[in-house]
Structures are given as C-alpha cells and as structure tokens.
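Okay, here's what each chain looks like letter by letter:
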Amino acid sequence: MMKKGYLLLESGQLFPGVRVGASSSVIGELVFNTSMTGYQEIMTDPSYAGQIMTFCYPLIGNYGVNLHDNENAKIQMQGVLFSNLCELPSHYQSIKTVDEWLKQSGVPGLATIDTRAVVKAVRERGTMKAAISDSPDFSLIDWKQPLPQDMVAKVSTSKMTVYEGEGPHIALFDYGYKKSMLKALLAEGCKVTVVPFDTSSAAIAELHPDGVMLSNGPGDPIQLQPLFGEIKKITSSYPTLGICLGHQLIALAYGAKTGKLLFGHRGANHPVKELKTGKVWMTSQNHSYVVEKESVNSQNFSISYLNVNDGSVEGLSHNTLPIETVQFHPEAHPGPDDTHPIFLKFIDMIKQNKGEVTHAVTY
Ligand SMILES: NC(=O)CC[C@H](N)C(=O)O
C-alpha cells in the first residue's frame, strides 16, 4: 500500500504526496532543478547537502540507477520531490530503482507531488524552508530550527588521496567535489591529490603542486571565512581554477562580496556569455549564491562570463595572476559539456607557468 506523505512549506503551503525512499521526516532548504535528465548525477552532487530538491521534469527514474553515474559516494540531499517516479525502470545498466536507492541511502522523498506548483511557490517567494512529514500538521515542525551550517566539513574528505598521472600535479580542494572534475583532470593525464577543505598553505607547499583547483560545495560561502586568508595565499602561489563554491571563495578571499539569488540557478541549459569572445555557452548550474558585480575590484579581477538571463557574474579572471574562476560547471554531468575546454585551458595555464610550450586551446 502506498503511504501518504506531505510537503510543508515555511510559507504555509501544503502539498500531499506519496512517500518514497526512507521513512524519516526532514526539514531542509527547498530548491528546484530544471534538468530533463541526469537525476543520478544531480542526486549525488554534494552541493545539495542540507536541501530538499524538487525535480521539475515530470518523469524521473525511468532508466533506473547504475554503477557509473554517481558524482559522490552517496546522496547528500535532505530529501527529494518528484512528480512521477518510475517504478519499473528500463536500461541495460540499471541495478535498482530510485525508490530502492533512496531507501538504502536513508534519504526520504515524496512522489506524485504537484512539482509545478512547488516551483511556482519557490519562484515567487524565494528559497525557503520545507519539511517532508507523515502529517499535514504544521505545528509539528520546528520551523525555528536553524538549517545545518557546517556542511562543507561534513562532505569533505579528512585525508589526502593521490591519483597518479604523468602530467601536471593538481591539488584538488574537496569542498564536496563532483567526481567528474577529478575525471576531467585525470583524462588529461594529470596527477591529482584530493585534499581536505581546510588544508593549510604550508601543507599544500609540501605537495609541490603545479596547480590548484577549488571545487564546488554546499552552503553559504561566507561560512568558510576563517579560511579566506589561506585561500588567498594558496591561490596567489599556484595557477588556480575555481568552480562554483571555489569561484565564490576566491572572490571573497580577494575582497569581493557574495549575495543570495531569489531561487538560484539549477539546471542544464543556463546560457552564459564569455565577454572576451562574445560567445554564448550553454552550461550546467547548481548554485544559490553569486558574486556581486559591483564588489569585484577591477584592479584585481576582470569579469570573464555573465549570465545571459539575469546578468549575474559567471566567472572571473585575475588581471596579473594565473587564476580563473567559473560559477557554472564545465565538468557537466549532468548537462552540456560545451565549456569542458576550461579544464584544457587550466592545464595550458599551468604549463605556461612552468615555461613549457603549449598549444592554444580554442573552443
Ligand atoms: N555547486 C556549488 O558549488 C554551489 C555553491 C554554493 N553552495 C551555492 O549554492 O551557491
């Protein structure tokens, strides 16, 4: 028998649904993703830690869950909302249903939710708290309960891991990195050392990396303020690529400010304009926070990409140091990999820094 469940919004709206996944009740920040495919990658993106995520696309789970598409070892979301969740997936690589996977992962969800109405509510009021519960009773939810604050520490690794390669050595800061970032570097022959989020500049110096990459990750970047001094020291010492949270942290470390979007950018078709060439690229995105344009010190950084829809900052390029940052996800997974050459440009930047001959990377 299908068990009823409810989505309760901080705004007072109530959505009935059917329980899927784990049976626990949770509270989290309500967000939505517009991607039509790639649910396994989305559900394992650690940047969603602490959030209840709504799939806008109305049919999820039809190709099941496979052994290859996880972006991280487990699902870090608080909960997931579906319109139709497929019970009988069909794909030669499928090993389980999304419902079974959620149950095994201890993550609750709701299906048959009016996701269009949920998305409208979030678009109107902005990202807000929501709860998944067995009861429609709002008084049972502790709405004052603060959402978890130290999520990067929770999702980051506690030890360094080395992936061998013949090419440049990259220290990859794990704020909750997506596996596709590591894969993109390894595919180019790089040696990669994944390091904990709070690794010091002294510990990085001992690794003698050729370059540094700052990953994506959950939460408000300002929470990592105690690390800004070290981030500035590290990124000014090595060629650097910052992606999403990594981009925000670099901007903050050099004195810019971040703000929160009303309902974030989460999906696989967000157009960004590269200011140097005037070209528009389709990108994969997942973020709530943005670097505030006016706060970028033009003595240090130039804005390299802007969002076509809302004009927000999508990338920074340091004027004198080899530092590039992007708010979007060049590693895709899911989504278009049109901006994948950003990894190749990063490797070129490292080689140039070492005085090696490079081939200009073009899109
Ligand atoms: N994917 C990310 O790195 C997200 C960064 C940050 N947590 C935000 O929501 O803006």
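Residues numbered from 1 in each chain as written. Predicted model: local features only at pLDDT ≥ 70, side-chain atom pairs only at ≥ 80, totals over all residues. Heavy atoms only, no water.

In this model, His-333 is joined to Pro-334 through a cis peptide bond whose omega is 0°. Along the chain, Pro-334 turns up in the loop between β19 (323-326) and α9 (341-353). At Thr-112, a residue that is not glycine, the phi angle is positive and equals roughly 55°. Looking at where Thr-112 falls in the secondary structure, it is placed in the loop between β8 (108-111) and α3 (115-125). (Helix = DSSP H or I, 4+ residues; strand = E, 2+ residues; numbered from the N terminus.)

In this section: the UniProt feature "binding site: L-glutamine" (unreviewed entry) in the protein chain. Residues annotated in UniProt with the feature "binding site: L-glutamine" (unreviewed entry) correspond here to Ser-47, Gly-217, Gly-219, Leu-245, Gln-248, Asn-286 and Tyr-289. The named residues occupy 243 residues along the chain; their greatest pairwise C-alpha distance, 13.2 Å, places them in one compact cluster. By the secondary structure assignment, Gly-219 is in the loop between β13 (211-214) and α7 (228-235). Here Leu-245 shows up in helix α8 (residues 245-253). Each residue touching Leu-245, except ones within four places of it in the same chain, is listed here: Val-152, Tyr-175, Ser-215, Asn-216, Gly-217, Pro-218, Gly-219, Pro-221 and Leu-224. (UniProt positions renumbered as here; feature names shortened; annotations may be inferred. Contact = heavy atoms within 4.5 Å.)

Quite often, the size of an interface is put as the accessible area lost when its parts meet. For the protein chain, the assigned domains read domain 1 (4-140) and domain 2 (151-353). For domain 1 versus domain 2, the distance between C-alpha centres works out to 27 Å. Counting each side, the surface lost to burial between domain 1 and domain 2 is near 1900 Å², with a carbon and sulfur contribution of 48%. Glu-29 is paired through a salt bridge with Lys-260; the nearest N and O atoms lie 2.5 Å apart. Its residues assigned to classes, the side of domain 1 that touches domain 2 comprises 7 nonpolar, 14 polar and 8 charged. (Domains from an automatic or database assignment. Buried area = accessible area lost by both parts, 1.4 Å probe. Salt bridge = Lys/Arg side-chain N within 4 Å of Asp/Glu carboxyl O. Nonpolar A, V, L, I, M, F, W, Y, C, P; charged D, E, K, R; others polar.)

In the vicinity of the ligand lie 13 residues, with Gly-217, Gly-219, Asn-286, Ser-288 and Tyr-289 positioned nearest. Within the side chain of Gln-248, one N or O atom sits 3.0 Å away from an oxygen atom of the ligand. Coverage of the ligand by the protein chains reaches 98% of its 300 Å² of free accessible surface. Of all the secondary structure elements, the ones that give two or more residues to the shell around the ligand are α8 and β16 (280-291). (Near = heavy atom within 4 Å. Polar contact = N/O pair within 3.5 Å; in protein donor to acceptor, adjacent residues only side chain to side chain. Areas by Shrake-Rupley, 256 points an atom, 1.4 Å probe, with all protein chains shown as cover.)

To continue, consider the environment of Gln-145. One can find Gln-145 in the loop between β9 (128-133) and α4 (151-155). A C-alpha to C-alpha distance of 19 Å links Gln-145 and Tyr-48, two positions 97 residues apart in sequence. Ignoring sequence-local partners within four residues, the contact set of Gln-145 consists of Ile-27 and Lys-129.

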